[in-house]
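# Chain and residue survey
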Amino acid sequence: MADEPPPSAAPPPPPPQSSVEELPVAPPPPPEQAPAAEVSAEDSSAAPPTEEEKKAEVEAAPVKAEVVAKSVVIKEEFTAEPEKKEKLKVPESLISFKEESNRVSDLSDSERKALDEFKQLVQEALDSRSFTSPPPPPPPKEEIRTSSSAATTAAATEAQKSEDQSSDVSTEITPPAAEKLEEEATPAKEEEPAAAAASSSSSAEVSIWGIPLLEDDRSDVVLLKFLRARDFKVKEAFTMLKNTIQWRKEFKIDELVEEDLGDDLEKVVFMHGHDRDCHPVCYNVFGEFQNKELYQKTFSDEEKRTKFLRWRIQFLEKSIRNLDFRPGGVATIFQVNDLKNSPGPAKRELRLATKQAVQLLQDNYPEFVAKQVFINVPWWYLAFYTMMSPFMTQRTKSKFVFASTAKSAETLFKYISPEQVPIQYGGLSVDDCDCDPEFTFADPVTDMILKPGTKQTVEILIYEKCMFIWEIRVVGWEVSYSAEFVPETKDAYTIIIQKPTKMTPTSEPVLSNQFKVSELGKMLLTIDNPTAKKKRLLYRFKIIPLSV
């Protein structure tokens, strides 16, 4: 059945059908690999680089920088008995759904046959212009036919009188009406070839999400979405497609995309980064509607709810048009639904807007959601989901993942790399418009677990004069952090960059710093986790050689 993403209003009940959601840019190239790391920690398997590898790395460097190696040594000092390795428990939903291929060559014989039949029906509809022709007018009423008949009789009587009066004239004159008919006949004949040409190119006249139907192989990807939404039942899929095209025409989608509907809701729904499979990620932040002014401005009456719906559809349309509909391309979206402080189900206006949006998405945007991740989930939502679950298809449920506040960051990192996750959700990514960050999506992050009651030191060897820049965070903090530089020269003094500082949950989520290295040595970043809980450490760095 058709997927549909929750509309960015209040948390809607999990839709009983597939999800739809939005927009992004084309998938970015795979991020660069993190600097080679040598780990002496008990649970690391990375081997130290050999002297030959170090030498080869220096020779291959395209810049004049004398970086012989940028290795990371992580040393642990245990203040408690080391824990036994725990096997990571994978949520069932992580392995229960695998997104199907959109390549025709990967389809089964029955699916390929269904696609061919579907395309034949679409071609017939294009040839007969049934997609573009307006619906037939209602049959005329009896009074209209009677009136028309009377008018015709009266006109005939008048014509007869006129003819009798003109019969006394002896000079023969060519009726002007006949001349007019002859003049009109010629252009009519000229229009016939043009009409035929337009008919033959009718497939290019019907587009959906910017993809002309049956013009190229992108159309196959679009049609497969409708087929999968209807379990490859061709006639049902065709009916759904025809209804969607008619709805888009009535809703004036192409005009809507160009409208300026304001930016009041830009913090409610936004696109940010990509998941590990290059799906663009859409964040729906329901807690924003705790702002009473925004809530009233969005949902207080029917006119405002209609505007909200138009804004949501516009956002979705723009997102979809940034997807890659080529076979093998990424044509679905990864949805993250933040339920922190979200209004409860008692909000009547929200329920009305949600119900309307869910129905539209379900009927007109099939199979656009790769995964639905719900984070900061309150107890009442889980209770509601438990009641609704028996009425959902297994396909729909397999796309849902739920995480409490304590597990939200950990859950996101299973699907999205930390450098792609926004800071407010535990990652290291910031919007370029918010500041001028030293790091971007392209700078990979090292992600590691801090065991309870342990102290870990990240040791970064530096073999050139440079500007060393880094950023670091421990999700939730509750640790002590320090940074220092130890020169390579014997008996040299250690330089304290950051004295041991206790970091609390209310501390700045990410610490950024830089240090000018004027002599060779090593940078030490030390984290002491005194708690009985595992912690997640994220860090990354870059070395900018100093010009001579």
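Residues numbered from 1 in each chain as written. Predicted model: local features only at pLDDT ≥ 70, side-chain atom pairs only at ≥ 80, totals over all residues. Heavy atoms only, no water.

- Naming follows an unreviewed UniProt entry, where the protein appears as Patellin-3 of Linum tenue.
- Quoted verbatim from the Sequence similarities (unreviewed entry) field of the UniProt record, the comment on the protein reads "Belongs to the patellin family." (UniProt positions renumbered as here; feature names shortened; annotations may be inferred.)

## Structural notes on helix α6 (residues 218-229)
- A rise of 1.5 Å per residue sets the reference length of α6, with its 12 residues, at 16 Å; its end C-alpha atoms lie 18 Å apart and thus fit the reference within 8%.
- Among the 12 residues in α6, 11 count as buried, and that is most of the element.
- All of the buried residues in α6 are S219, D220, V221, V222, L223, L224, K225, F226, L227, R228 and A229.
- The elements touched by buried residues of α6 are α3 (109-127), β2 (207-208), β3 (211-212), α7 (234-251) and α13 (394-398).
- Phi turns positive one or two residues past the end of α6, at D231, with a value near 55 degrees. (Helix = DSSP H or I, 4+ residues; strand = E, 2+ residues; numbered from the N terminus. Expected span 1.5 Å × (residues − 1). Buried < 20%, exposed > 50% of the residue type's maximum accessible area, 1.4 Å probe, protein only. Contact = heavy atoms within 4.5 Å.)

## Points about the sheet that holds strand β9 (residues 446-450)
- Ordered by their spatial adjacency, four strands build an open sheet running β9-β16-β11-β14, and the pairing between neighbours is antiparallel. Either end of the sheet is taken by a strand with one partner, and the two such strands are β9 and β14 (511-517). In this sheet, adjacent strand axes meet at a mean angle of 25 degrees when their direction is disregarded.
- Inspection of the sheet shows strand β11 (residues 466-474) paired to strand β16 (residues 535-545) by nine bridges, in the antiparallel sense. (Pairing = 2+ DSSP bridges. Axes fitted to C-alpha atoms, helices over the stretch in contact; angles between N-to-C directions.)

## Quick word on α7
- Counted at 1.5 Å a residue, the expected span for α7 with its 18 residues is 26 Å, and the 25 Å between its end C-alpha atoms agrees.
- Those residues of α7 that sit buried are V234, A237, F238, M240, L241, T244, I245, W247, R248 and F251.
- If you follow the buried residues of α7, they end up packed against α3, β2, α6, α8 (253-258), α10 (302-320) and α11 (348-364).
- Just downstream of α7, K252 is the residue with a positive phi angle, here 55 degrees.

## Here we look at the nonpolar core
- Counting 59 residues, the largest nonpolar core has F118, F131, F325 and Y365 as the members making the most contacts within it.
- Of all the elements in the fold, those that place two or more residues in this core are α3, α6, α7, α8, α9 (292-299), α10 and α11.
- M448, L450, I460 and W477 belong to the second largest nonpolar core, which has 25 residues in total. (Core = buried A, V, L, I, M, F, W, Y, C linked by side-chain atoms within 4.5 Å.)

## Brief notes about the packing of aromatic side chains
- Taken as a whole and assessed by the stated rule, the structure comprises 25 aromatic pairs.
- For the ring pair F270 and Y283, a centre distance of 5.3 Å and an interplane angle of 15 degrees mean the geometry is stacked. On the criterion of sequence distance, the pair formed by F270 in strand β4 (residues 269-274) and Y283 in strand β5 (residues 280-285) is long-range, its members being 13 residues apart.
- Classification of F270 by relative accessible area gives buried; the value is 16%.
- On the basis of relative accessible area, Y283 is assigned to the buried category, the value being 1%.
- Every member of this aromatic cluster is reached through a ring pair, and the members are W209, F226, W247, F251, F325, Y365 and F368.
- Across the ring face of F368, the terminal group of K225 is positioned such that the distance to the ring centre comes to 4.2 Å.
- Just above the ring of F439 sits the side chain of K542; from NZ or CZ to the centre is 5.0 Å. (Phe/Tyr/Trp six-rings, centres within 6.5 Å; stacked < 30°, edge-to-face > 60°. Lys NZ or Arg CZ within 6 Å of the ring centre and 35° of its normal.)

## Topic: the sheet that holds strand β8 (residues 400-402)
- Pairing within the open sheet is mixed, and its five strands lie in the order β4-β5-β6-β7-β8. Sheet topology places β4 and β8 at the edges, where each strand pairs with a single neighbour. Looking at each pair of strands side by side, their axes are set apart by 20 degrees on average, direction ignored.
- Where strand β6 (residues 333-338) and strand β7 (residues 369-375) come together, six bridges link them in parallel fashion. Bridge pairing links F334 to K371 in β7.
- Docked against the sheet, α10 engages β4, β5 and β6, running at close to 20 degrees with respect to β4.

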